[in-house]
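What the coordinates show
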Amino acid sequence: MLKVNDSERLSFALMGAGDADLLYELDQDVEVMRHINGGKITTMQDVHEVFLPRMAAYRNVEKGWGLWKVSTTSDGAFIGWVLVRPMGFFSAQPEWDNLELGWRFKRTAWGVGYATEAAQHIMSAIVAQQKVTTFSAIATPDNQGSINIMKKLGMTYQKTALNKDPLGDMQVVYYALSV
């Protein structure tokens, strides 16, 4: 089982079906959801019928794939998550040695470096325990917050293209970091 030790400000745990309430809570802010789906909040039905089954499909505790719950070490408060899964997981040709990183954080946690710190910490734990050649991330072209995180992680722009996903195709920018 992949272990991610606490950082100075954050603690990490792989999420599961028992975290449905936290996933729901995070997705109730229109601003948090703006670059995900245009600002539509998630229903509890969506969490149970779409989100949890998708997460279960790519979750692998040995490899650290899934959603990593991020909480503050000072008070244990849940502030968001970091996604780890093979790039193109839901396509016909997943890239097993190219891991996609994603993140979603409560607005109260924006602008203080939590997403960058969490993603960096998780990346380091993965690289120390398994063979990965690349970390990648995608964002809508106008999601400057996520693009800034990608750059802080050392990722560089690769292309702008249509990302195909069973939940809907979307024009995105691709960033990547070879490790």
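Let me begin by describing the structure that accompanies this report.

Topic: the overall build of the protein
Broken down by element type, the protein carries 5 helices and 7 strands. When its helices and strands are written in sequence order, the protein yields β-α-α-α-β-β-β-α-β-α-β-β. For a compact globule of 179 residues, the expected C-alpha radius of gyration is about 16 Å, and the protein comes in at 15 Å, within 12% of that figure. Within the protein, the fraction of its 179 residues that count as buried is 49%. A total accessible area of about 8900 Å² is found for the protein, and carbon and sulfur atoms account for 52% of it. Averaging the locations of the 17 positively and 19 negatively charged side chains of the protein gives two centres separated by 4 Å.

As for helix α2 (residues 30–37)
For α2, the set of buried residues is V32, M33 and H35. For α2, the angular spread of buried residues about the axis comes to 160 degrees, placing them on one side. Looking at the buried residues of α2, the elements they touch are α1 (20–26), β4 (95–105) and β7 (170–178). At the N-terminal boundary of α2, the capping side chain belongs to D29, with an oxygen 2.8 Å from the backbone nitrogen of E31. Positive phi appears at G38, one or two residues downstream of α2, with a value of about 85 degrees.

Section: the sheet that holds β4
Read from one edge to the other, the open sheet built from 7 strands follows the order β1-β2-β3-β4-β5-β7-β6, with strand pairing classed as mixed. Only two strands of the sheet have a single partner each, and these edge strands are β1 (10–14) and β6 (156–163). Across this sheet, the average inter-strand angle for adjacent strands is 30 degrees, counted without regard to direction. Across 8 bridges, the pairing between strand β3 (residues 78–87) and β4 is antiparallel. Residue pairing for β4: R85 is matched across the bridge by E100. The sheet strands contacting helix α4 (residues 114–129) are β1, β2 (66–72), β3, β4, β5 (134–139) and β7, and the helix crosses β4 at an angle near 155 degrees.

With respect to α4
Residue pairs three or four apart in sequence face the same way in an α-helix, which turns once every 3.6 residues. Counted at 1.5 Å a residue, the expected span for α4 with its 16 residues is 22 Å, and the 23 Å between its end C-alpha atoms agrees. If you check which residues of α4 are buried, you get Y114, A115, T116, E117, A118, A119, I122, M123, A125 and I126.

What about the nonpolar core?
With 36 residues, the main nonpolar core has W103, F105 and M155 as its most contacted residues. Every element with two or more residues in this core is listed here: β1, β2, β3, β4, α4, β5, α5 (144–152) and β7. No other element matches the 8 residues that α4 contributes to this core. Discounting residues that sit within four places of it in the chain, W103 has contacts with W81, V82, A115, A119, A137, S146, I149, M150 and L153. In terms of nonpolar packing, the next biggest core, distinct from the first, is built from 16 residues, L26, F51, L52 and F78 among them.

Rules used throughout
Residues numbered from 1 in each chain as written. Predicted model: local features only at pLDDT ≥ 70, side-chain atom pairs only at ≥ 80, totals over all residues. Heavy atoms only, no water. Helix = DSSP H or I, 4+ residues; strand = E, 2+ residues; numbered from the N terminus. Rg over C-alpha atoms; globule rule 2.2 N^0.38 Å. Buried < 20%, exposed > 50% of the residue type's maximum accessible area, 1.4 Å probe, protein only. Areas by Shrake-Rupley, 256 points an atom, 1.4 Å probe, with all protein chains shown as cover. Lys, Arg positive; Asp, Glu negative; His and termini not counted. Charge placed at Lys NZ, Arg CZ, Asp CG, Glu CD. Arc of directions from axis to C-beta. Contact = heavy atoms within 4.5 Å. Polar contact = N/O pair within 3.5 Å; in protein donor to acceptor, adjacent residues only side chain to side chain. Pairing = 2+ DSSP bridges. Axes fitted to C-alpha atoms, helices over the stretch in contact; angles between N-to-C directions. Expected span 1.5 Å × (residues − 1). Core = buried A, V, L, I, M, F, W, Y, C linked by side-chain atoms within 4.5 Å.

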